[in-house]
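Descriptive structure summary
Residues per chain are reported as follows:
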Amino acid sequence: MEAERDGGTEPGSVVTPSAEFPPLGAEERAALGRIGARWHGPRRADDLPVDPTLGRHDRRPRPTRFGRLTPIDLFTVAQPDELIATRPAYLPGNRAGRAVARLRRTLVGPPLASSSVLYERMRKLVALPVLSSDLLSSVAYGPEAMLAVLVLAGGAALGLALPLAALLAVLMIAVGLSYRQTIPAYPHGAGSYLVAGDNLGRTAGLAAAAGLMLDYVLTVSVSVAAGVHAVTSALPGLTRWTVPLGVLVIAVVLAGNLRGVRTAGNIFVLPTYAFVVVVLAVLAVGYAKAAGRGFAPVPPPAVPAAEGLGLLLVLRAFSSGAVSMTGIEAVSNAVPAFRPTEWRNARTTLGWMVAMLVMLFAGLVGLIHLDGLVPRADETVLSQLGRVTFPTGPWYAFLQTTTALILLLAANTAFNDFPRLLFFMARDGHAPRRFLHMGDRLAFSNGLVALALAATGVFVAFGGHTQTLIPLYAVGVFLAFTLSQTGMVVHWRRRRGRGWRRRLAVNAVGATLSGLVLLTAAVAKFTEGAWVVVVAVPLLVLLFRRIHRHYATLHRALALHPPPPGPSGPAGSVGSAGSAEGEELPQQVRHLVIVPVARLNRASLRALAYAASLGRPTLAVHIAPEEVEADRFRDQWRAWGDHLRLETIVSPYRSVIGPLAHYLEALHATRPELTLTVIVPEVVLRRRRHRLLHSRAEQRLRAALRALPGVVVTSVPVHVSH
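Residues numbered from 1 in each chain as written. Predicted model: local features only at pLDDT ≥ 70, side-chain atom pairs only at ≥ 80, totals over all residues. Heavy atoms only, no water.

1. Some words on the packing of aromatic side chains
Per the stated rule, a full pass over the model turns up 9 aromatic pairs. Between Phe 423 and Phe 424, the ring centres sit 5.4 Å apart and the planes meet at 80°, which makes this aromatic pair edge-to-face. Note on Phe 423: relative accessible area 0%, which makes it buried. In this structure Phe 424 comes out as buried when scored by relative accessible area, which is 1%. Put simply, the rings of Tyr 179, Phe 478 and Phe 481 touch in pairs and so form one group of aromatic residues. For the cation-ring pair, Arg 503 lies above Trp 492, with the distance from its terminal atom to the ring centre recorded as 5.5 Å. (Phe/Tyr/Trp six-rings, centres within 6.5 Å; stacked < 30°, edge-to-face > 60°. Buried < 20%, exposed > 50% of the residue type's maximum accessible area, 1.4 Å probe, protein only. Lys NZ or Arg CZ within 6 Å of the ring centre and 35° of its normal.)

2. Re the sheet that holds strand 8 (residues 674–685)
Taken in spatial order, the 5 strands make up an open sheet running 7-6-5-8-9, and their pairing is parallel. In this open sheet, the two edge strands, each paired with only one partner strand, are strand 7 (645–650) and strand 9 (711–720). Looking at each pair of strands side by side, their axes are set apart by 25° on average, direction ignored. (Pairing = 2+ DSSP bridges. Helix = DSSP H or I, 4+ residues; strand = E, 2+ residues; numbered from the N terminus. Axes fitted to C-alpha atoms, helices over the stretch in contact; angles between N-to-C directions.)

3. Let's talk about the packing of helix 13 (residues 342–371) against helix 14 (residues 381–389)
Two elements in contact, helix 13 and helix 14, have axes whose closest approach is 11 Å; the angle formed by their N-to-C orientations is 65°. Relative to helix 14, the crossing made by helix 13 is left-handed. Of the residues in helix 14, those in contact with Leu 364, Leu 367, Ile 368 and Asp 371 of helix 13 are Val 381, Leu 382, Leu 385 and Val 388. Among the residues making up the contact of helix 13 with helix 14, the classes are represented as 7 nonpolar, no polar and 1 charged. (Left-handed = near helix turned anticlockwise from the far one by under 90°. Contact = heavy atoms within 4.5 Å. Nonpolar A, V, L, I, M, F, W, Y, C, P; charged D, E, K, R; others polar.)

4. Observations regarding a positive patch on the surface
The grouping of Arg 202, Arg 545, Arg 546 and Arg 549 at the surface amounts to a positive patch. Per element, the largest residue contribution to the positive patch is 3 residues, and it comes from helix 21 (residues 526–558). Inspection of the secondary structure puts Arg 549 in helix 21. (Patch = residues over 30% accessible without salt bridge, like charges linked within 9 Å, V, L, I, M, F, W, Y side chains within 5 Å. Areas by Shrake-Rupley, 256 points an atom, 1.4 Å probe, with all protein chains shown as cover. Salt bridge = Lys/Arg side-chain N within 4 Å of Asp/Glu carboxyl O. Lys, Arg positive; Asp, Glu negative; His and termini not counted. Charge placed at Lys NZ, Arg CZ, Asp CG, Glu CD.)

Structure below.
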């Protein structure tokens, strides 16, 4: 593998469903063995129902109201001490839950087994449209964004579009070559986040991740806004429905991605390829017409100057045109989504993407200049170009249809990369661990939903206007570009493998150009909205650090440590006072069982019987509102036989949960080495509507005691069938 020859292979984690269950480290594994060696009371497997499939069904058909059906096993035996859950085991036990599950299967599809993760990857012909839809669709609004700034200086300033487009083409090639080198050096994906963090430090990696996250959210918002604008350009009557249409599109793209990578890829293949074909047709016919008139440019209409032509305006136009490059990093983030050999297929796909981007972007800017088109508020420049190129026939409608489709579906690139970035961040403890979880269709469902909600909020907040979203767009992505390429410069200097100087030079050029665009966009568009991103990035970095600090604290609290030296018998380590939550050996645990009893009935007597069966010291507690009730309950207790110790607490203000919780807290403070097991009798009702008729005191008690260490709350249910 080339990355190994270059010394560039970095340690990483393959994206698998098991990533949310990290293995123990060497020290914790050794501590686990030492703790286990001191456990007393070996288990007796012959006394336990270790296999729930044995004896559950007789495997013989039996008559039912539907006929003679064979029962379906919920588990199968794979090997000794291992069961595999079958699909029926995932169905809820109640009717409403099963109805919701059926609806979910209809929308998302049936669940996929974890072993199918390899088959859910993409081949190059599918990965190209899936990962390039954002990059290629940006040519529909990138040139217009650049021209919209230049036209502020009057029609004469539009001539600067050609040299600016040439500079942007050089930038695209330089950044594309830089990322082609990043892919084999970091074949596990994660792109800018991993590269910057590994070579420039944690803060740089988190800044790159923050920039990319903002970019992905804006990618969805801008792409959908531009797509809806393309629709309303052809059908002006739909303009007032801009926001509802955009929200609907985001929901549709979310649903498509929830069905899995491969299914989403099959959905989005045709629109991307159709857009590329129709734009190439526009370029071919347009340049053929221009050749017929000797490539003489058509004079643009007279446009009054609103600003003076200066360096700041030119820089703003350049940074606006640079939004055409958003999505160029998508492949490096999604390397694990390719079929083997992942890094090689990813690098080839990126090469195709960059070549197509340069050809389409440069070709459109040149043809717009030759046809003398200027941005208009009521119609996109690409729509104007289509009308000029195809004045008759169905080709204009085809252009607008494919443009709208690819713009609306360009958000799919962000839906591929945003959840994957969150996966890598969650693996490192910088994002909530729920983003490690793969859904039923082996997609990162939590990350997909988070992106959809964030993008919908931004889209609605800005009213679906593309031009108001563009200024926020370039800062985040070019921050990630700059940090990633700078990190690769440090990477090559450290590794110094074969050809490292040439590779370092390529990444240095990409870092320099990306940094210039970043600085330009941040300064030139600061007052237009770029300040939001400039402020949001450090705030996100601070948030990521706080999340990491929380998980580090949690890990230290839950990490395994060797047991303290001393005797390990039943008498050892028991008499010493300490925290009940510090016990790791069964012979260290000392119980005090407490049963709150409101009245003596079947539920409370069952809870008392269960507590006494444990063979541990047991205390019953009754909360009475007045002395009369306390005397009455003690009399009933003696009539029962006074089998357990009873503590009666009079609560003159009639509160139950507060006095009971404070009493237990006082017991814990007196003997912190004791584990207080609170057994609550609970009446389980069959019908949900009947729950409103009961106080649910056991739930309120559980909530009140949750913050108290060394207290275990459990319930003994009594089911009521009515």
